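Reading the structure
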Amino acid sequence: MRFESRRRKTGIPRARYLHVVGAVCAVVASAALMTGCGGDGGKTTAAATEEAAKIIPNQEATPSDSPSGRGQLTEDQTARKELLGVTKVTFDKAAATAVGEVSGSKLAELDLKGLDDNDESESPSPSGTRSPRPSGSSTVPEWVAEVVEKDGTTHTVRIDVISGKVIQSVVETGQDSGDKSEMADRIARATQTPQEAAKVATDKQKGTVTSINLDESDDKSLVWSVDVVTKDWNKTDFEIDAVKGTITREEVDRD
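The following refers to the structure shown. (Residues numbered from 1 in each chain as written. Predicted model: local features only at pLDDT ≥ 70, side-chain atom pairs only at ≥ 80, totals over all residues. Heavy atoms only, no water.)

When you line up the elements, W224 lands in strand β8 (residues 222-229). In this structure W224 comes out as buried when scored by relative accessible area, which is 2%. (Helix = DSSP H or I, 4+ residues; strand = E, 2+ residues; numbered from the N terminus. Buried < 20%, exposed > 50% of the residue type's maximum accessible area, 1.4 Å probe, protein only.)

Before going further, it helps to spend a moment on the environment of D241. Locating D241 in the fold gives a position in strand β9 (residues 235-241). In this structure the C-alpha to C-alpha distance between D241 and V223, which are 18 residues apart in sequence, comes to 4.5 Å. With sequence-adjacent residues up to four places away left out, D241 is seen in contact with Q192, L222, V223, T246 and T248. Here the side chain of D241 touches V243 through a polar contact of 2.7 Å, landing on its backbone nitrogen. (Contact = heavy atoms within 4.5 Å. Polar contact = N/O pair within 3.5 Å; in protein donor to acceptor, adjacent residues only side chain to side chain.)

It is worth spelling out the sheet that holds strand β10 (residues 247-253) at this point. An order of β6-β5-β4-β1-β7-β8-β9-β10 is seen for the eight strands of this open sheet, with the pairing classed as antiparallel. Each edge of the sheet is formed by a strand with only one pairing partner; in this case those strands are β6 (166-171) and β10. For this sheet the average axis-to-axis angle between neighbouring strands, irrespective of direction, equals 20°. Where strand β5 (residues 154-160) lies against β6, five bridges are found, and the strand directions are antiparallel. Of the residues in β6, the one forming a bridge with R158 is Q168. Of the strands in this sheet, β1 (106-112), β4 (142-148), β5, β6 and β7 (208-216) touch helix α4 (residues 91-101), which is tilted by about 130° from β1. The strands touched by helix α6 (residues 177-189) are β1, β4, β5, β7 and β8; relative to β7, the strand with the most contacts, the crossing angle is about 115°. (Pairing = 2+ DSSP bridges. Axes fitted to C-alpha atoms, helices over the stretch in contact; angles between N-to-C directions.)

What follows is the structure in structure tokens.
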């Protein structure tokens, strides 16, 4: 992750600047003399002005205020802007749909696929290579949720981000008794709901929740990992204690 931006030098060296100013003054003065010598002064002045404009070197445009500070959005910021621009179903609605699909389940994870996850956001091309999914792609963007039954059985639910309809709902394969026991334990210990964790994050940083995941932090405490994309298209990663509801980590991704 890069937190530094390289400052660009856009000024003209002093010696070159004085030379340019002198040249422009000479052209303008010549135009003034020619104006006094005949009746076509207006045309002559216009021609001289055009000539002066040619002498002045093109200035690099001043970068507009942008999230990256470089005058344009980064690749990740552009992807966030495009995908959120077509996403009609919010995090809370997708969460409710996912849990409603599996009776008695609780949400353990919900991700808006296509944001900062290259493997999931790419789709196969006819040539067999993988290319980023454009905003106008025929492939429908989706929310991908994991919901867990009381015994730890996990289901994956895919939801259309535009219509809100369930695309697919399947039981996760490969879960053994240990996996189920671990998931059941996490769900039972998380007294903070994903909606409550999302509110803690967005109260601290206004924006759109694009991901939430029940996980263990480095110190083995149970946390909700929440991603919030702000209006400048940066992303803030939060870790929120799943029992106390307090923020334990906050990090801004400016890429």
